Amino acid sequence: MSHNLLTIRSAGFMVLMIVLISACEPVDYEKSIFADGLVYCSEGSPTSFNPQLVTSGTTIDATTRQLYNRLIEFNPDNYQLEASLARSWHVTNDGTMVTFYLRKDVQFHDTRYFTPTRNLNADDVIFSFQRILDKDNPFHKSVRGNFPFFQSINFSQLVGDIEKIDDYTVRFKLTRPNSSFLSNVGAPFAVILSKEYADQLLAEDYPGMLPMLDSLPIGTGPFMYREYRSNALIRFQRNDNYWAHDVAIEKLIYNITPNNTGRLTKLLTHECDVISYPIAPQEIRSRDDLRLEEVTSFNVAFMAFNTAKPPFDNPVVRKAVSLAINRQAIINAVYYDQAEIAHSLLPSASWAYQKPSELLPYSPEQARGLLDDAGLSQGFTLDLWAMPVQRAYNPNAMKMAKLIRSDLAKVGINVNIITYEWATFLRKLADGEHQSVLIGWAADHPDPDNFFSPLLSCSSARSGSNRSFWCNQEFDELLAKALLTRDNRKRRQFYLQAQELLAEELPLLTIAHAKRAQAKIETVQGNILAPFGGISFADASKQPKEGEEQ
């Protein structure tokens with residue numbers, strides 16, 4: 001106990017903590033990064049170090065697979081669920097009880113701010129989900145009950161109880177069958193936290209302690225948190241007690257470099273070992289010392305219309321704007337043909353996808369006719385928000401916005417392009433301050449519900465992850481019916497009806513399904529890109545350059 005938080009009981013502890021975590025590293029440490037560490041140049045800063053609290057892909061990339069584990073996860077090759085912290089699981093025939101059997105040899109991180117005294121057990125699993133479900137839980141209150149992914153899927157209405165059978169067995173009792181429950185437990189947001197760490201923060205009885213659960217993270221993942229310098233870098237240290245396997249990378253650095261030209265320059269000079277969302281793919285491919293990698297990703301880019309604000313409360317206006325946008329030109333100019341037009345929210349690889357019988361054309365003439373019908377023959381002025389960061393589903397939102405501005409000018413619509421710093425952008429977006437926005441979604445798992453519920457359900461409109469703020473009871477009922485059955489043929493029929501309804505209502509215009517890419521120097525080995533749930537450096541290694549000592 002002498003090394004843990006309980007040893008220091010005062011506000012002065014907070015000051016000491018900040019000093020410890022933020023202290024500059026010695027020069028030798030900085031030099032050693034390039035010898036036994038790996039530098040990843042990312043496109044933005046995380047908004048939290050706990051993925052329970054966000055849906056931002058930047059945050060998921062920085063946290064989920066580096067710091068934490070989930071009960072189960074998806075195999076990146078066959079998309080099937082497989083064991084993780086739970087070595088196995090069982091679902092009753094009626095689909096209302098799911099039992100997880102935990103591993104017994106999993107240690108939580110031992111850091112400068114927490115020393116665990118026991119391994120993971122059922123209490124940690126129950127705590128991790130109860131803080132989401134129980135409004136009276138102090139760690140629910142500490143984040144004001146903000147768990148956007150879980151709110152968007154109605155998690156609190158679905159889970160009736162979580163029961164501890166024994167120290168290594170946990171049973172979820174559901175209020176109804178739900179065919180995507182396991183997929184959601186395997187999603188990157190469903191990480192397992194340390195109840196012992198939470199109890200120690202709570203015991204400090206100091207207002208500033210509880211948020212540390214999410215800002216000074218403790219997990220079971222391959223890397224431990226070491227330091228974060230806002231908008232500059234994140235340091236991770238290898239977890240030498242990682243339960244799954246040995247980890248080759250000792251020091252992992254996230255060098256936060258929002259400018260995509262800047263990231264490319266750092267890759268060319270080997271200042272970065274790996275970069276996110278690379279531009280100039282042809283130049284990278286021409287270099288023998290670099291590698292460009294791509295993975296088919298379940299994602300979609302779209303323009304969301306805020307249906308809570310005029311004129312987008314009128315579906316006729318939404319369709320007019322959609323008809324006036326040349327999506328093929330966007331594919332060519334923004335994605336360099338590394339994407340396809342999105343004719344549905346679902347990518348074509350989804351088992352619930354069906355190509356629409358009538359595709360939405362590019363037709364300024366039809367757009368003008370609909371604007372006349374809506375009483376907007378003189379046009380109007382539209383605010384269009386564009387992301388300040390690159391995402392797999394949209395590598396250049398600003399360029400896309402300019403193309404759309406040019407298209408809409410042809411039908412009399414004047415477009416103001418607006419952007420903010422990323423964290424501010426997301427906060428204002430969740431508050432519904434926008435009129436329209438270029439945003440998107442990278443699926444957390446292959447279940448079709450992961451596209452529909454988090455993006456367009458009524459509950460997601462309340463949580464703010466529904467950027468259209470569109471709430472349609474018929475649509476919600478179709479999603480609910482699909483989740484009640486485990487027969488995928490029946491589920492597919494419900495999802496096809498849901499897609500037809502979206503084609504009529506157009507709360508958003510789907511634009512593209514894109515591949516996700518990264519670039520790295522040739523000495524970096526191992527699969528880093530994952531089709532779901534961001535990136536992982538757990539299996540990465542870095543070979544010494546010729547002439548370097550090992």
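This text goes with the structure placed above it.
The structure presented is a predicted model; accordingly, all values stated were derived computationally and were not measured.

Here is what the cut-offs are and how they apply
Residues numbered from 1 in each chain as written. Predicted model: local features only at pLDDT ≥ 70, side-chain atom pairs only at ≥ 80, totals over all residues. Heavy atoms only, no water. Pairing = 2+ DSSP bridges. Helix = DSSP H or I, 4+ residues; strand = E, 2+ residues; numbered from the N terminus. Axes fitted to C-alpha atoms, helices over the stretch in contact; angles between N-to-C directions. Contact = heavy atoms within 4.5 Å. Salt bridge = Lys/Arg side-chain N within 4 Å of Asp/Glu carboxyl O. Buried < 20%, exposed > 50% of the residue type's maximum accessible area, 1.4 Å probe, protein only. Polar contact = N/O pair within 3.5 Å; in protein donor to acceptor, adjacent residues only side chain to side chain. Phe/Tyr/Trp six-rings, centres within 6.5 Å; stacked < 30°, edge-to-face > 60°. Disulfide = S-S within 2.5 Å. Patch = residues over 30% accessible without salt bridge, like charges linked within 9 Å, V, L, I, M, F, W, Y side chains within 5 Å. Areas by Shrake-Rupley, 256 points an atom, 1.4 Å probe, with all protein chains shown as cover. Lys, Arg positive; Asp, Glu negative; His and termini not counted. Charge placed at Lys NZ, Arg CZ, Asp CG, Glu CD. Left-handed = near helix turned anticlockwise from the far one by under 90°. Nonpolar A, V, L, I, M, F, W, Y, C, P; charged D, E, K, R; others polar.

Caption draft 1: Local environment of the sheet that holds strand S18 (residues 508-514). The sheet built from six strands is open, its strands ordered S14-S18-S13-S17-S15-S16 with mixed pairing. The open sheet terminates on both sides in strands that have one partner only, identified here as strand S14 (339-341) and strand S16 (413-418). Geometrically, the sheet is characterised by an average inter-axis angle of 25° between neighbouring strands, direction not taken into account. Relative to strand S17 (residues 436-442), strand S13 (residues 299-305) runs antiparallel, the two sharing seven bridges. Residue Met303 lies in a different strand from S17, and its bridge partner there is Leu438. Relative to S17, helix H17 (residues 422-430) is tilted by about 100°, and along the sheet it contacts strand S15 (380-386) and S17. On the sheet, helix H18 (residues 449-456) packs against S13, S17 and S18 and is oriented at approximately 145° with respect to S17.

Caption draft 2: Main features of the pattern of salt bridges. Summed over the entire model, instances satisfying the criterion amount to 23 salt bridges. The partner of Glu250 in a salt bridge is Lys251, and the shortest N-O contact between them spans 3.4 Å. Sharing partners across several salt bridges, the network here consists of Glu43, Asp61, Arg391 and Arg516.

Caption draft 3: Structural context of unusual backbone geometry. Each neighbour pair has its own omega, and for Pro310 with Pro311 the value is 5°, a cis peptide bond. Note that Pro311 resides in the loop between S13 and helix H13 (315-323). A positive phi angle, near 55°, is found at Arg144, a position not held by glycine. Here Arg144 lies in the loop between helix H5 (138-141) and helix H6 (148-152).

Caption draft 4: Focus on H17. Along H17, the residues that are buried comprise Trp422, Phe425, Leu426, Lys428 and Leu429. Residues of H17 that are buried in the fold lie against helix H3 (57-67), S15 and S17. Backbone nitrogen of Ala423 and a side-chain oxygen of the N-cap are separated by 3.1 Å at the start of H17; the cap is Glu421. Residue Gly432 follows H17 closely and has a positive phi angle near 75°.

Caption draft 5: Molecular detail of the packing of aromatic side chains. Within the structure shown, the criterion is met by 29 aromatic pairs. Their ring planes at 65° and their centres at 4.9 Å tell us that Tyr40 and Tyr254 sit as a pair that is edge-to-face. You can see Tyr40 sitting in strand S1 (residues 37-42) and its partner Tyr254 sitting in strand S10 (residues 251-256), a full 214 residues away along the chain. Accessibility assignment for this pair places Tyr40 and Tyr254 in one class, buried. Aromatic pair Trp351 and Tyr495: ring centres 6.4 Å apart, planes at 65°, arrangement edge-to-face.

Caption draft 6: Structural view of the side chain of Asn450. Tracing the sequence through the fold places Asn450 in helix H18. Setting aside chain neighbours within four positions, we find Asn450 in contact with Phe149, Asn184, Trp441, Ala443, Asp444 and His445.

Caption draft 7: Region of the structure containing the state of the cysteines. The full count for this structure, using the stated rule, is two disulfides. A disulfide bridge connects Cys41 with Cys272, and the sulfur atoms are separated by 1.7 Å. What sets the handedness of the Cys41 and Cys272 disulfide is the S-S torsion sign, and at about -65° it is left-handed. Of this pair, Cys41 sits in strand S1 while Cys272 sits in the loop between helix H11 (260-268) and strand S11 (274-276), and the two are 231 residues apart along the sequence. Here Cys458 is linked by a disulfide to Cys471, with a sulfur-sulfur distance of 2.0 Å.

Caption draft 8: Local environment of a negative patch on the surface. Judged by side-chain charge, Glu474, Glu477, Glu500 and Glu504 come together as a negatively charged surface patch. At the level of elements, helix H20 (473-484) and helix H21 (488-505) are the ones that each hand at least two residues to the negative patch. Following the sequence through the fold, Glu504 ends up in helix H21.

Caption draft 9: Up close: the packing of H18 against H20. Two elements in contact, H18 and H20, have axes whose closest approach is 11 Å; the angle formed by their N-to-C orientations is 145°. Here H18 runs over H20; the crossing is left-handed. Along the contact surface, H18 presents Asp449, Phe452, Ser453 and Leu456, while H20 presents Phe475, Leu479 and Leu483. Here the residues of the contact of H18 with H20 sort into five nonpolar, one polar and one charged.

Caption draft 10: Up close: the sheet that holds strand S7 (residues 169-174). The strand order across the open sheet formed by four strands is S4-S5-S7-S6, and the pairing between neighbours is antiparallel. Only two strands of the sheet have a single neighbouring strand rather than two, namely strand S4 (86-91) and strand S6 (159-166). For this sheet, the mean inter-axis angle between neighbouring strands, taken without regard to orientation, is 20°. Summarising the sheet, S6 and S7 pair through six bridges and their orientation is antiparallel. Each bridged residue has a counterpart across the sheet, and for Ile162 the counterpart in S7 is Phe172.

Function cannot be inferred from these measures alone, as they are strictly geometric.
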